Amino acid sequence: MDLSSLRSQFPALAQSHGDYPLCYLDTAATSQKPQQVIDAMNRYYQFDNANVHRAAHQLSARATTQYEAVRDQLCQWINGQRREEIIFTHGTTESINIVANGLTSRVKPGDIILVDSAAHHANIVPWQALAQRTGAIVKPIPLTHDCRLDHAAFDVLLTERPVIVALSHVSNVLGTVNPVTKLVAKAKQAGAITLIDGAQAVAHMNIDVQTIGCDFYVFSGHKMYGPTGVGTLYGRFEILNQLSPLMTGGEMIKTVSFSGTEFNQLPNRLEAGTPPIAEVIGLGAAIDFLNSLPQQQVWDAEHTLLVYLQDSLKALTGIELYGAHSDNLGALAFNLSGEHHQDVAILLDQQGVAIRSGHHCAMPLMQALNINGCCRASIGIYTNKTDIDNFISAMRSAITLLQ
């Protein structure tokens, strides 16, 4: 496949900012959507718009069939064992909150919860809330000087027999990859329940939850060329089936009376209310789109581009890179020495270059790096060498203006 043709399938990328073509380097925040995903959601609203599971008419039957087919797609996509292990949510944040809430009865005062220091806030704050409810203690797993997870420190922390270990698969800021299979095996030996935030991983690598061995794996559709407002919670059936629901109401019940309510079985028990039907169907279309690509070729091309991006930034004057390694995925964090990250991002935007600046919902990581925030450039399957060259040219202009 000619990967250069991929870009034409993303209509948003055809626009310009004045005289500058759009250079979209913010895929880690949200990916652009291929026409295939947009069309799938439009077809649902045009022809099959009905609620799922709740009616006998043809529209509902077609909607339900499409909706449940995506559950099977996702189970195969990440190599789950049972379709009931796939729970549809509104995104990674809700997925982690479902797990943290559902584990409340299994956590007692003084229990230890270990969390990756480079984690997104969505994989920190729910555990802090769980600790506040139960009297548990959240402890960060420190980083090494080169911004990787400190394995020696992790081993020491495991001697405290944590009840939960929550890790990032790929850092949303740095793009560094955690060896989660190895880390999960160690955590399981210590008796911990394990959760992996895969939001930044699913679009850049093969995910096999059986190989990883984790209890829970979570991710969002909009990071993998699907729509916003939909995500996935995978859970190993035995432990997923023990979670108490975060939300109660319609759809997740078996029987209701004023003398008591009986909850339904998985997956319905954890999917209260009308689900994001169009978004789930759009996510299915995104999986179809990704499955149609030569994945290893795509990932190799992304790796080449990210290394080119790293090398090109290193060649500029006054650039500070954070955790830049040759095995990173998708993202690169940097600052222009002496300048505010927001000023750099604004000057780039004026030249058609879209990046992210700020703390990236990872304030503890910013504290570990001793910075208030940084810029982040991130790539996707539609990124090409011209994007990187345009970005570097815009950076040179920004450096000239600011320094």
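Notes on the structure in this doc start here.

Some words on the overall build of the protein chain
Per the secondary structure count, the protein chain includes 13 helices and 17 strands. What you see for the protein chain is a C-alpha radius of gyration of 22 Å, in line with the 22 Å of a compact globule of 403 residues. By its C-alpha atoms, the protein chain is 75 × 55 × 35 Å across when sized along the principal axes. A burial count over the protein chain gives 55% of its 403 residues as buried. When contacts within the protein chain are restricted to residue pairs at least 6 apart in sequence, long-range pairs at least 24 apart make up 69% of them.

Observations regarding the nonpolar core
With 78 residues, the main nonpolar core has Y217, M224, L365 and I381 as its most contacted residues. The element that contributes the greatest number of residues to this core is helix α9 (residues 277-291), accounting for ten residues. In this structure, I381 is in contact with L6, F10, Y225, F289, L290, L293, V298 and E302, ignoring residues within four places of it in sequence. Of all hydrophobic cores here, the second largest spans 30 residues; its members include A100, V107, F237 and L240.

Things to note about the layout of surface pockets
Regions of empty space are outlined by a rolling probe, equal in size to a water molecule, passed over the atoms. Its boundaries defined by the atoms lining it, the largest pocket holds a volume of some 320 Å³. Taken together, 26 residues form the lining of the largest pocket, with T92, H120, A199, S220 and K223 sitting closest to its centre. Considering only residue class, the lining of the largest pocket consists of eight nonpolar, 14 polar and four charged.

Section: the sheet that holds strand β8 (residues 193-197)
Ordered by their spatial adjacency, seven strands build an open sheet running β4-β10-β9-β8-β7-β5-β6, and the pairing between neighbours is mixed. Each edge of the open sheet is held by one strand with a lone partner, namely β4 (86-89) and β6 (137-141). Adjacent strand axes in the sheet meet at a mean angle of 20°, parallel and antiparallel pairs treated alike. Relative to β6, strand β5 (residues 112-116) is paired through five bridges, and the arrangement is parallel. Residue pairing in the sheet places V115 in a bridge with P140 of β6. Against the sheet, helix α4 (residues 125-134) touches β5, β6, β7 (164-168) and β8, its axis set at about 150° to β6.

Quick word on the packing of helix α10 (residues 295-314) against helix α13 (residues 385-402)
As a packed pair, α10 and α13 sit with axes 10 Å apart at the nearest point and diverge in direction by 15°. The angle between α10 and α13 places the two elements in the roughly parallel class. Judged by the sense of rotation from one axis to the other, the crossing of α10 with α13 is right-handed. Contact residues: L305, Y308, L309, S312 and L313 in α10; K385, I388, D389, F391, I392 and M395 in α13.

Thoughts on the environment of R356
Examined against the element boundaries, R356 turns out to sit in strand β16 (residues 356-358). C-alpha separation for the pair R356 and A315, spaced 41 residues apart in sequence, amounts to 21 Å. Discounting residues that sit within four places of it in the chain, R356 has contacts with D26, A29, C361, C374, C375 and R376.

Notes on the sheet that holds strand β14 (residues 331-336)
If you walk across this open sheet you meet the four strands as β13-β14-β17-β16, and the pairing is antiparallel. Of all the strands in the sheet, the pair left with one neighbour each is β13 (319-322) and β16. The sheet shows a mean angle of 30° between the axes of neighbouring strands, taken without regard to direction. Of the pairings in the sheet, the one linking β16 to strand β17 (residues 374-378) comprises three bridges and is antiparallel in character. By the bridge assignment for β17, S357 is matched with C375. Sheet strands in contact with helix α11 (residues 341-349) are β14, β16 and β17, and its direction is about 160° off that of β16. On top of the sheet, α13 reaches β13, β14 and β17; it is set at about 20° to β14, its chief contact.

Notes on unusual backbone geometry
The omega torsion of the bond from L266 to P267 falls at 0°, within 30 degrees of zero and hence cis. Mapped onto the elements of the fold, P267 is located in the loop between β12 (260-263) and α9. A positive phi angle is found at N79, which is not glycine, with a value near 65°. For N79, the position within the fold is in the loop between α2 (58-77) and β4. Within the chain, C147 stands out as a residue other than glycine whose phi angle is a positive 70°. On the secondary structure map, C147 appears in the loop between β6 and α5 (151-158).

A short note on the packing of aromatic side chains
Enumeration according to the criterion identifies nine aromatic pairs in this entry. Here F10 and F289 contribute two aromatic rings whose centre-to-centre distance is 5.7 Å and whose plane-to-plane angle is 85°, an arrangement assigned as edge-to-face. Separated by 279 residues along the polypeptide, F10 in the segment before β1 (16-17) and F289 in helix α9 bring together distant segments of the chain. Ring geometry for Y225 versus Y382: centroids 5.8 Å apart, planes at 85°, classification edge-to-face. Taken together, the positions of Y225 in the loop between β9 (216-220) and β10 (231-235) and Y382 in the loop between β17 and α13 put the pair 157 residues apart, joining distant regions of the chain. Y382 matches Y225 in its accessibility class, with the two residues each being buried. A connected cluster of aromatic rings, assembled from ring pairs, spans F10, Y24, Y225, F289 and Y382. The aromatic ring of F237 is capped on one face by R82, whose charged end is 3.7 Å from the ring centroid.

Structural notes on the pairing of β17
Within β17, five of the five residues are buried, which leaves it mostly tucked inside the rest of the structure. The pairing of β14 with β17 spans four bridges and is classified as antiparallel. By the bridge assignment for β17, A333 is matched with R376.

What counts, and where the lines are drawn
- Residues numbered from 1 in each chain as written.
- Predicted model: local features only at pLDDT ≥ 70, side-chain atom pairs only at ≥ 80, totals over all residues.
- Heavy atoms only, no water.
- Helix = DSSP H or I, 4+ residues; strand = E, 2+ residues; numbered from the N terminus.
- Rg over C-alpha atoms; globule rule 2.2 N^0.38 Å.
- Buried < 20%, exposed > 50% of the residue type's maximum accessible area, 1.4 Å probe, protein only.
- Contact = heavy atoms within 4.5 Å.
- Core = buried A, V, L, I, M, F, W, Y, C linked by side-chain atoms within 4.5 Å.
- 1 Å grid on protein atoms, 1.4 Å probe; cavity = no way out; pocket = protein on both sides within 12 Å on 5 of 7 lines; lining within 4 Å.
- Points joined across faces, edges and corners; volume = space filled by probe spheres on them.
- Nonpolar A, V, L, I, M, F, W, Y, C, P; charged D, E, K, R; others polar.
- Pairing = 2+ DSSP bridges.
- Axes fitted to C-alpha atoms, helices over the stretch in contact; angles between N-to-C directions.
- Parallel < 35°, antiparallel > 145°, perpendicular 65-115°, else oblique.
- Left-handed = near helix turned anticlockwise from the far one by under 90°.
- Phe/Tyr/Trp six-rings, centres within 6.5 Å; stacked < 30°, edge-to-face > 60°.
- Lys NZ or Arg CZ within 6 Å of the ring centre and 35° of its normal.

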